[in-house]
Amino acid sequence: MKAGSPRPAWLIRGACALLTAGLVGSSVPITTGHKGLVSPYTYNEHVFPILNDRCAACHFERGPAQMSVLDYDSVAPWSEAMRLQLLSESMHPDFVDPIDSAVMREPTISPRDLDVLLTWVGGGAPRGEATPPRAIAPTRLRWTSGRPDLIIPMRVPHTVHAGDREEIHEFSLPTGLSETKWVRGLELQPGNRSIVRDAEIRVADGPTLALWNPAQKAMATPMGTAFELSPGAMVRLTIHYKKNYRDDDSALTDRSRVGLYFAQPSRSATIQTLLLSGPATDAATESRVLTGMLAAPVRMLAIRGSLDRDYSSVTAEALTPTGCRSLLVLRSPRADWPRRYWLADPIDLPPGTTIRVTATPLARPSVDALVRPSHRFEVAVEFLGQRQ
Ligand code: HEC
């Protein structure tokens, strides 16, 4: 197998095909890339631009991940870990199977870039001669889509105390709105980038506006759709704080801000939700299945999920009266990275369609991969249509 193709096509099985064939093909043959004595690629010339582009949203000095990819001395000791990461199916934060999923994907590493990185590691990860261009990261120091229509800061700063490494905290933020608004986009600006790991932003008693992680661009709803925000609505911001090990003994303070972009009411069609959820369980040796039925016709737009633990695979499919359609296939997804996936093209589903989500546990879970009581196993189907 060439280093440029991480997974041979014959290993890939669709979710629906899996059901009929009754087998799970999730193992990946390990390749060593081109092992040479000397790499034709160097960090300064070839590797830095790729890492800057693809990994620096999180891997920067005092960012949420422990190594900075923007500094040779910081990244070089991690090169072997990076190789394993790049070859594994679980390249965070993107676990989407590119072939079987109907969802939009953010750009990941191209086969050519992957080849450059693997060849560089295999050839001893050389630094190179030229001075590297200066990094532009951390990339998210400004609003990425211009100034939001409404900026809502946390009312008071929150401190993660010395000795505490990880916590999930919910904040209520008043919008102060006196009329109904429609939200077409949203962005979070962490007050402290080294501890804000991910976040959920929802309307109290209303829709989830976004599942945020540091690599995510401003969320934008497709095709003039929007989330409804009533007068006086409160926004619930749930932040997952996680400190780097080097900060364990420091108290670190955050005051994040939510930015909302509004749509014109006339263009807006309100997004609705069908929620499938199950309790967190540590008895997960067998596959877990969530199902829900659509009572009315819908135009499906997105699928959003959070996991209670790491799984070997998670699939979502629509079982219509006439057949089965794969919606989403995640390979080795981790509970750490809850996400919303917009469909590449909306799918019209007839009444009586069953949405089925199947989560297959890891054969040998690591301690980190086990159940997190703070996390829910929850999948939501988001659509336009009559209320279910
Ligand atoms: C959305 C944020 C984010 C992006 C983007 C990201 N990482 Fe990470 N990465 C992390 C975090 C956070 C950790 C710390 C370990 C953990 O908690 O998973 C990490 C850890 C790692 C590690 C350490 C080994 C391990 O698994 O713990 C390697 C290697 C790594 N990342 C490589 C990469 C590479 C290569 C890219 C780009 C292709 C990348 N990461 C992109 C957030 C990110």
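Values in this document were obtained by computation on a predicted structure and should not be read as measured data. (Residues numbered from 1 in each chain as written. Predicted model: local features only at pLDDT ≥ 70, side-chain atom pairs only at ≥ 80, totals over all residues. Heavy atoms only, no water.)

**Structural notes on the environment of A130**
Its place among the elements puts A130 in the loop between α5 (111-122) and β1 (150-153). A130 sits in the partly exposed class, given a relative accessible area of 44%. Separated by 88 residues in the primary sequence, A130 and T42 have C-alpha atoms spaced 9.4 Å apart. (Helix = DSSP H or I, 4+ residues; strand = E, 2+ residues; numbered from the N terminus. Buried < 20%, exposed > 50% of the residue type's maximum accessible area, 1.4 Å probe, protein only.)

**As for the environment of I151**
Take I151: it is sitting in strand β1. Among the residues examined, I151 registers a relative accessible area of 22% and is labelled partly exposed. If we skip the residues at most four places from it in the chain, I151 touches W143, R257, V258 and G259. (Contact = heavy atoms within 4.5 Å.)

**A word on α5**
For α5, which comprises 12 residues, the first-to-last C-alpha distance of 16 Å matches the rise-based estimate of 16 Å (1.5 Å per residue) to within 8%. Burial analysis of α5 places 10 of its 12 residues in the buried class, the great majority of the element. Of all the residues in α5, the buried ones are D113, L114, D115, V116, L117, L118, T119, W120, V121 and G122. Lining the buried residues of α5 we find α2 (43-54), α3 (72-75) and α4 (79-87). (Expected span 1.5 Å × (residues − 1).)

**Description of the coordination of the iron atom of the ligand**
Note on metal geometry: ideal angles are 109.5 degrees for four donors arranged tetrahedrally and 90 or 180 degrees for six donors arranged octahedrally. Protein coordination at the iron atom of the ligand comes from H59 (NE2) and H92 (NE2), with a distance range of 1.9 to 2.0 Å. For the iron atom of the ligand, the six donor atoms in the first shell make angles of 88 to 179° at the metal, a pattern classed as octahedral. Here H92 lies in the loop between α4 and α5 and H59 lies in the loop between α2 and α3, a separation of 33 residues in the sequence. For H59, a relative accessible area of 12% translates into the label buried. (Donors = N, O, S within 2.8 Å, 3.2 Å for Na, K, Ca; no water. Tetrahedral: all angles 85-135°; square planar, octahedral: opposite > 155°, others 65-115°.)

**Overview of the nonpolar core**
The biggest cluster of nonpolar side chains holds 35 residues, and the ones touching the most others in it are I201, L237 and L260. Both domains that furnish three or more residues to this core are identified here as domain 2 (150-268) and domain 3 (271-385). In contact with I201, other than residues within four places in its own chain, are L186, L188, T208, L209, A210, W212, V235, R236, L237 and V258. Core analysis: the second largest hydrophobic core is formed by 32 residues, L276, L290, Y341 and A359 among them. (Core = buried A, V, L, I, M, F, W, Y, C linked by side-chain atoms within 4.5 Å. Domains from an automatic or database assignment.)

**Comments concerning the site of the ligand**
Close to the ligand lie 21 residues, the nearest being C55, C58, H59, H92 and R334. A distance of 2.8 Å separates a nitrogen atom of the ligand from a polar side-chain atom of H59. Within the contact set of the ligand, an oxygen atom lies 3.0 Å away from a side-chain nitrogen or oxygen of R197. Tallying contributions element by element places α4 first for the shell around the ligand, with three residues. Its residues placed into classes, the shell around the ligand shows 12 nonpolar, five polar and four charged. When residues of the shell around the ligand are assigned to domains, at least three fall in each of domain 1 (9-94 + 104-122) and domain 2 (150-268). (Near = heavy atom within 4 Å. Polar contact = N/O pair within 3.5 Å; in protein donor to acceptor, adjacent residues only side chain to side chain. Nonpolar A, V, L, I, M, F, W, Y, C, P; charged D, E, K, R; others polar.)

No statement about biological role is implied by the geometric values presented.
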